[in-house]
Amino acid sequence: HTHTHTHTHTHTDMHTVPHEITSVCLDHRQRKFIVGTAGGQVQVHNYLNGAPMKKFDFKHDRDISALLYCRKDKVLITTGWDRRVCIYDETPREAVSLLRLVNRAHDGDIGCLGFSHRLSLIATGSADFTVRLWDFQLAKKVAVLRGHTSEVRACVRACVRACVHPRMRVHV
């Protein structure tokens, strides 16, 4: 369909994303791609044709900053500028349901995310100059790592392993 409104044309279609894409990841079989948007939405699409596949029962209030698919648990973890950490069950066929939620996970926008299945830890980095560790099963804060001199922009699985090293400055 094409809608005309005072000299502007907006193309609406089942295959379009209504907001700018801010994050992308693949599922465990690499048959679906999952996108996060500037509008706080998360969407699952067919990898081959781009068709939408699932709906989410919850959305972020602001931009999605990071998506991470956990292949062993078949869950999706998202973070956003709304300072939330969301853990979704991706296994249902039609919809994706929210399993756990952390509100106000940081004092600044969350910009990155890491996960260790073996340690059952989520790491989030923020504009508040901290990395925070979260228990994956309980969605409870385990530790705050302070000492960064600027916004934390990258958290990877190696970061989660390093964060539990005995010489790190950890504040629980």
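Attention here is on the structure that accompanies the text. Keep in mind the model is a prediction, meaning the values are calculated, not measured.

## A closer look at the overall build of the chain
Each helix and strand in the chain was counted, giving one helix and 15 strands. Counting across all 172 residues of the chain, residues that qualify as buried make up 44%. A separation threshold of at least 6 residues defines the contact pool for the chain, and within that pool the share at least 24 residues apart is 40%. For the chain, the accessible area works out to roughly 10,000 Å², and carbon and sulfur atoms hold 52% of it.

## Re a nonpolar patch on the surface
Taken together, Leu 26, Tyr 47 and Leu 48 make up a surface patch of nonpolar side chains, about 360 Å² in accessible area. Counting through the fold element by element, Leu 48 comes out in the loop between strand E5 (42-46) and strand E6 (52-56). Residue classification places Leu 48 among the exposed positions, given a relative accessible area of 81%.

## Here's the deal with the sheet that holds strand E9 (residues 85-89)
Hydrogen bonds along the backbone pair up the strands of a sheet, which may run parallel or antiparallel. Strand order in this open sheet of eight strands is E3-E4-E5-E6-E10-E9-E8-E7, and the pairing throughout is mixed. Each edge of the open sheet is held by one strand with a lone partner, namely strand E3 (21-26) and strand E7 (64-70). Across the sheet, the mean angle from the axis of one strand to that of its neighbour is 25°, orientation sign disregarded. Pairing between strand E4 (residues 32-37) and E5: five bridges, direction antiparallel.

## A look at the pairing of E6
By the bridge criterion, two bridges tie E5 to E6 in an arrangement that is antiparallel. Each residue of the ladder has a partner; that of Val 44, found in E6, is Lys 54. Counted along the chain from E5 to the antiparallel partner E6, the turn is five residues long, and its residue Gly 50 has a positive phi close to 80°.

About the cut-offs
- Residues numbered from 1 in each chain as written.
- Predicted model: local features only at pLDDT ≥ 70, side-chain atom pairs only at ≥ 80, totals over all residues.
- Heavy atoms only, no water.
- Helix = DSSP H or I, 4+ residues; strand = E, 2+ residues; numbered from the N terminus.
- Buried < 20%, exposed > 50% of the residue type's maximum accessible area, 1.4 Å probe, protein only.
- Contact = heavy atoms within 4.5 Å.
- Areas by Shrake-Rupley, 256 points an atom, 1.4 Å probe, with all protein chains shown as cover.
- Patch = residues over 30% accessible without salt bridge, like charges linked within 9 Å, V, L, I, M, F, W, Y side chains within 5 Å.
- Salt bridge = Lys/Arg side-chain N within 4 Å of Asp/Glu carboxyl O.
- Pairing = 2+ DSSP bridges.
- Axes fitted to C-alpha atoms, helices over the stretch in contact; angles between N-to-C directions.

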